[in-house]
Every structure is written in structure tokens, then in C-alpha cells.
Amino acid sequence: FSCIGDIAMAIGAGMDKYLQYWFTALQQGCQMAITLKEELAKEGYDEDKRMYLNSLMEGILDGYTGIVHGLKTASKSVPGAIDAFLNPVALQQGCLVMVQAIASDEDKSEDVLRTAVGLVGDLADAFGMKVKPQLQIAEVVGKNALLQQAMESSDPETERTGRWASGLLA
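Residues numbered from 1 in each chain as written. Predicted model: local features only at pLDDT ≥ 70, side-chain atom pairs only at ≥ 80, totals over all residues. Heavy atoms only, no water.

Q: What's the story with the overall build of the protein chain in this structure? I'm lost.
A: The number of helices and strands found in the protein chain is eight helices and zero strands. Going residue by residue from the N terminus, the α and β elements of the protein chain occur as α-α-α-α-α-α-α-α. When its C-alpha atoms are laid out on the principal axes, the protein chain stretches across 50 × 30 × 25 Å. Taking all 170 residues of the protein chain together, the buried fraction comes to 45%. A fraction of 71% describes how many contacts in the protein chain between residues 6 or more apart in sequence connect residues 24 or more apart. When the accessible surface of the protein chain is totalled, it reaches about 8,300 Å², and 52% of it is carbon and sulfur. Here the protein chain contributes 14 positive and 23 negative side-chain charges, whose respective centroids are spaced 7 Å apart. (Helix = DSSP H or I, 4+ residues; strand = E, 2+ residues; numbered from the N terminus. Buried < 20%, exposed > 50% of the residue type's maximum accessible area, 1.4 Å probe, protein only. Contact = heavy atoms within 4.5 Å. Areas by Shrake-Rupley, 256 points an atom, 1.4 Å probe, with all protein chains shown as cover. Lys, Arg positive; Asp, Glu negative; His and termini not counted. Charge placed at Lys NZ, Arg CZ, Asp CG, Glu CD.)

Q: I'm lost on the pattern of salt bridges in this one. Help?
A: Pairing between side chains of opposite charge can happen when their charged atoms approach one another. Counting across every chain of the model gives nine salt bridges. Taking the shortest distance from any N to any O, the salt bridge between Asp83 and Lys130 comes out at 3.3 Å. Of this pair, Asp83 sits in the loop between α3 (47-74) and α4 (91-103) while Lys130 sits in the loop between α5 (110-127) and α6 (132-137); the two residues are 47 residues apart in sequence, bridging distant segments of the chain. Put simply, Asp111 and Arg114 hold a salt bridge, and the shortest N to O gap is 2.4 Å. (Salt bridge = Lys/Arg side-chain N within 4 Å of Asp/Glu carboxyl O.)

Q: What is the right way to look at the packing of α3 against α5 in this model?
A: How two helices pack is summed up by the angle between their axes together with the distance between the axes. Orientation of α3 relative to α5, taken along the N-to-C sense of each, is 20°, at an axis distance of 9 Å. With respect to α5, the axis of α3 lies roughly parallel. Of the two possible hands of crossing, α3 and α5 adopt the one that is left-handed. Judged by residue contacts, Asn54, Met57, Glu58, Leu61, Asp62, Tyr64, Thr65, Val68, His69 and Lys72 of α3 engage Asp111, Val112, Thr115, Ala116, Leu119, Asp122, Leu123, Asp125 and Ala126 from α5. Residues that form the contact of α3 with α5 fall into these classes: nine nonpolar, four polar and six charged. (Axes fitted to C-alpha atoms, helices over the stretch in contact; angles between N-to-C directions. Parallel < 35°, antiparallel > 145°, perpendicular 65-115°, else oblique. Left-handed = near helix turned anticlockwise from the far one by under 90°. Nonpolar A, V, L, I, M, F, W, Y, C, P; charged D, E, K, R; others polar.)

Q: Help me understand the packing of α4 against α5 in this model?
A: Here α4 crosses α5 at 140°, and the two axes come no closer than 10 Å. Considering the angle they form, α4 stands oblique to α5. Handedness of the crossing formed by α4 with α5: left-handed. On the side of α4, the interface is formed by Leu91, Cys95, Leu96, Val99 and Ile102, while α5 contributes Val112, Ala116, Leu119, Val120 and Leu123. Of the residues assigned to the contact of α4 with α5, the class counts are 10 nonpolar, no polar and no charged.

Q: What exactly am I supposed to notice about the packing of aromatic side chains here?
A: In this description, a pair of aromatic rings is defined by centroid distance and the angle of the planes. Within the structure shown, the criterion is met by four aromatic pairs. Relative to Phe85, the ring of Phe23 has its centre 5.6 Å away and its plane inclined at 80°; by these criteria the two rings are edge-to-face. Taken together, the positions of Phe23 in helix α2 (residues 19-43) and Phe85 in the loop between α3 and α4 put the pair 62 residues apart, joining distant regions of the chain. For Phe85, a relative accessible area of 0% translates into the label buried. When the ring of Phe85 is compared with that of Phe127, the centres are 6.2 Å apart and the planes differ by 25°; the resulting orientation is stacked. Here Phe85, found in the loop between α3 and α4, pairs with Phe127, found in helix α5; they are 42 residues apart in sequence, far enough to count as distant. The exposure class of Phe127 is buried, given its relative accessible area of 6%. One aromatic cluster is present, built from ring pairs that chain together Phe23, Tyr64, Phe85 and Phe127. (Phe/Tyr/Trp six-rings, centres within 6.5 Å; stacked < 30°, edge-to-face > 60°.)

Q: I would appreciate a short explanation of helix α8 (residues 156-169) in the present structure.
A: The α-helix advances 3.6 residues per turn, and as a result positions three or four apart in sequence lie on the same side. In this model α8 runs 20 Å from its N-terminal to its C-terminal C-alpha over 14 residues, within 8% of the 20 Å that 1.5 Å per residue would give. For α8, the full list of buried residues reads Thr158, Thr161, Gly162, Ala165 and Leu169. Each buried residue of α8 sits inside an arc of 100° when the element is viewed along its axis, so together they form one side. Exposed and oriented more than 90 degrees from the buried face of α8 are Arg160 and Gly167. Looking at the buried residues of α8, the elements they touch are α5, α6 and α7 (146-151). The N-cap residue of α8 is Asp155: its side-chain oxygen and the backbone nitrogen of Glu157 are 3.1 Å apart. (Expected span 1.5 Å × (residues − 1). Arc of directions from axis to C-beta. Polar contact = N/O pair within 3.5 Å; in protein donor to acceptor, adjacent residues only side chain to side chain.)

Bear in mind that shape data such as this cannot, by itself, settle questions of function.
Have a look at this one:
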């Protein structure tokens, strides 16, 4: 899934004809990750499945991040291009579903937490207050939410990323 983000950043303004397919693929990846997370909760901890789930979530987040960066770059030559990400399939039914699942996942890796918080920061940077209400609904901001988890992390890079994203939403 991370290759979608790489392609989006590489082609920039020409990506609009692929967005619907990319958003659908990433949304399906989100559903796959949530299903696997639910299986792990029912069946108990499995190291291999946990590693796969963390890799899957990180790849999906990288895909969304790359699209946001690509659209931001495209907006310089195509006004309003970035707003394509406000599509419900991309935002409310896609990346925020994944972010919410990560926020409630007690076994997520530090890399997944940092990547999710980085995406939240990128969304805040790209959209500002347009996206803040959706982030509040998705348990990103607030007590025990994703950004708080990052700011309380023992990993300095994750903590820095959390403070950066939180500052963009203040």
C-alpha cells in the first residue's frame, strides 16, 4: 500500500484520474487491517500476525501520507487539488477509520503510532480547521487519544511528532 503514496508523490498533478482507485484500495486495506485486529483480539496474541498487522497498518498510512503530500504539491499548479482528499471515501471512511483503530490498539508498534500521528499532522497542515472536527470524532485529539499517546511515548521521535501534530491542531 505504501507504493500508492510513492506513485502519488511522483506524478503529482496527474494523479487525479487514479485517486478513486487508490482510495478504494486503501479503504479495503483498512478493512483488512481491522478484521485482522479483531481476529487477534478473539484468538489471542500471535507474534507473526501482530507483525503482519503492524506492517499492513504502516503501509496503509504511508499510502495516505503520500497522497496528501502529492495533492499538496499538485495544488501549487492545480488550485484546489488538495481538496480531493476531503472525499468521504478517503477521509471519514478511509484514513480516519484506520487512525481510530490504531488509537484503540494497545499492541501497536511505535512505528505505527508515529506514522499515524505523522499523517494526522499532515492532514492538519494541509486542511487546518476543515479537518479538526473529523479528527475529534476519530479519537485523535483529547484525553487518552492518539496524539496524547504519542506525546507520552518514551520514544523521543514519536513524542516530537505528537507535539508537532498537536501544535498544528491547537
